[in-house]
Amino acid sequence: MSYCLICQSFIQTEVTWSNFLFPNKASNLCEECQKKIEQIEGDICEKCGRQMKQQGLCSDCIRWETRGECKEVLEKNRAVFQYNSFMKEIISQWKYRGDYHLIEIFKPYILEVFDQHFSKLDSNFVMIPIPLTEERLYERAFNQSEAIAMIISKKSIIPSILKRDPTKTEKQSKKSKRARLESNNPFYLETGLNKTAVIVDDIYTTGTTIYHAAKTLKLAGCPHVYSFTLIR
């Protein structure tokens, strides 16, 4: 007997040889909730992975590529879900109300999409979850970026070597798009890093957080920087 992790309704599943041997990756969601989650598919922005109606670069990525200090610091971002109203509610419940167990909804999707886009990376790559300030970590009780990274790496702890300067940090969700794009880079490294890096975060909105982190890693010596986010 199982219940939907979002709406708590009972999930009636007919057991067949097919779903016994190959379980549905969304088996912890009821049929109605599954329909409301929109995976990114079809044509996407070549750089950030945003779903589009045609191939090429989206307007956000064109803007980043014309900024000299950020040009070519990020190879690509790939994401799993579109940020629709239903996903906003799930993220709010997971990230701000402390329902950590909701990570189980995302787990099979995360593994599938990460393997699809990053399986050919050098096995020596470093995973870099975006760090939180001590204040944010205390408020939420967990770092959502580390939670995603732990699923990919199958490790219990993913310490980030990326550091965040608390004097340069404000809540991005409270800022306008223009203010986000013009915000200071809060990240730094205490040592060089001559390895391919994959930045991990929960949401890619304007790209400011990802590009700040990517720029920091490139300056530290990373030959290639990628990013993986749950949502775009």
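See above for the structure.
Residues numbered from 1 in each chain as written. Predicted model: local features only at pLDDT ≥ 70, side-chain atom pairs only at ≥ 80, totals over all residues. Heavy atoms only, no water.

I would appreciate a short explanation of the overall build of the chain in the present structure.
Along the backbone of the chain there are nine helices and eight strands. Residues classed as buried in the chain amount to 47% of the 232 residues present. Expressed as a percentage of contacts within the chain between residues at least 6 apart in sequence, the contacts between residues at least 24 apart total 72%. Of the roughly 12800 Å² of accessible surface on the chain, a fraction of 49% belongs to carbon and sulfur atoms. (Helix = DSSP H or I, 4+ residues; strand = E, 2+ residues; numbered from the N terminus. Buried < 20%, exposed > 50% of the residue type's maximum accessible area, 1.4 Å probe, protein only. Contact = heavy atoms within 4.5 Å. Areas by Shrake-Rupley, 256 points an atom, 1.4 Å probe, with all protein chains shown as cover.)

Would you mind going over the sheet that holds strand β8 (residues 225–231) with me for this structure?
Adjacent strands of a sheet pair through backbone hydrogen bonds, lying either parallel or antiparallel. Strand order in the open sheet made by the four strands is β3-β8-β7-β4, with parallel pairing throughout. Looking at the sheet topology across the chains shown, the edges are occupied by β3 (77–81) and β4 (126–129). Put simply, the sheet's adjacent strands are angled 20 degrees from each other on average, direction ignored. Across the sheet, helix α9 (residues 208–219) touches β4, β7 (197–203) and β8, and the angle it forms with β7 is around 165 degrees. (Pairing = 2+ DSSP bridges. Axes fitted to C-alpha atoms, helices over the stretch in contact; angles between N-to-C directions.)

What exactly am I supposed to notice about the pattern of salt bridges here?
Any two side chains of opposite charge can pair if their charged atoms end up close together. Enumeration according to the criterion identifies eleven salt bridges in this entry. Where D202 meets K95, a salt bridge forms, and the shortest distance between an N and an O atom there is 2.7 Å. In this pair, D202 sits in strand β7 while K95 sits in helix α4 (residues 85–96), placing the two residues 107 residues apart along the sequence. Of the residues examined, D202 reaches a relative accessible area of 3% and is grouped as buried. As a salt-bridge pair, R136 and E139 come within 3.7 Å of each other at their nearest N and O atoms. One end of the pair is R136 and the other is E139, both in helix α6 (residues 134–140) and three residues apart, which spans about a single turn. Owing to a relative accessible area of 44%, E139 belongs among the partly exposed residues under this scheme. When salt bridges that share partners are traced, they join R50, D60, R63 and R232 into one network. (Salt bridge = Lys/Arg side-chain N within 4 Å of Asp/Glu carboxyl O.)

In this structure, what is going on with unusual backbone geometry? I would like to understand it.
Peptide bonds are mostly trans, and most non-glycine residues show a negative phi. The backbone phi angle of Q8 is positive, close to 70 degrees, even though this residue is not glycine. Here Q8 lies in the loop between β1 (2–3) and β2 (10–11). A relative accessible area of 48% means that Q8 is categorised as partly exposed. For K154, which is not glycine, the phi torsion reads 65 degrees and is therefore positive.

Just checking my understanding: could you explain the packing of aromatic side chains for this structure?
Describing an aromatic ring pair means giving the distance of the ring centres and the angle of the ring planes. Under the defined criterion, the tally for this structure stands at twelve aromatic pairs. Both rings, one in F81 and one in Y109, keep their centres 5.0 Å apart while their planes meet at 65 degrees; by these two values the pair is edge-to-face. Taken together, the residues F81 in strand β3 and Y109 in helix α5 (residues 103–118) connect sequence positions 28 residues apart. Under the relative-accessibility criterion, F81 is labelled buried at 0%. (Phe/Tyr/Trp six-rings, centres within 6.5 Å; stacked < 30°, edge-to-face > 60°.)

Mind showing me how you'd approach the state of the cysteines here?
Each disulfide consists of one covalent bond between the sulfur atoms belonging to two cysteines. Going through the model one piece at a time under the given rule, you end up with zero disulfides. No disulfide involves C7; its sulfur sits 3.6 Å from that of C30, the nearest cysteine. Not engaged in a disulfide, the cysteine C33 finds its nearest cysteine sulfur in C30; these two sulfurs lie 3.6 Å apart. Among the residues examined, C33 registers a relative accessible area of 4% and is labelled buried. (Disulfide = S-S within 2.5 Å.)

These values are about where atoms sit, not about what they do.
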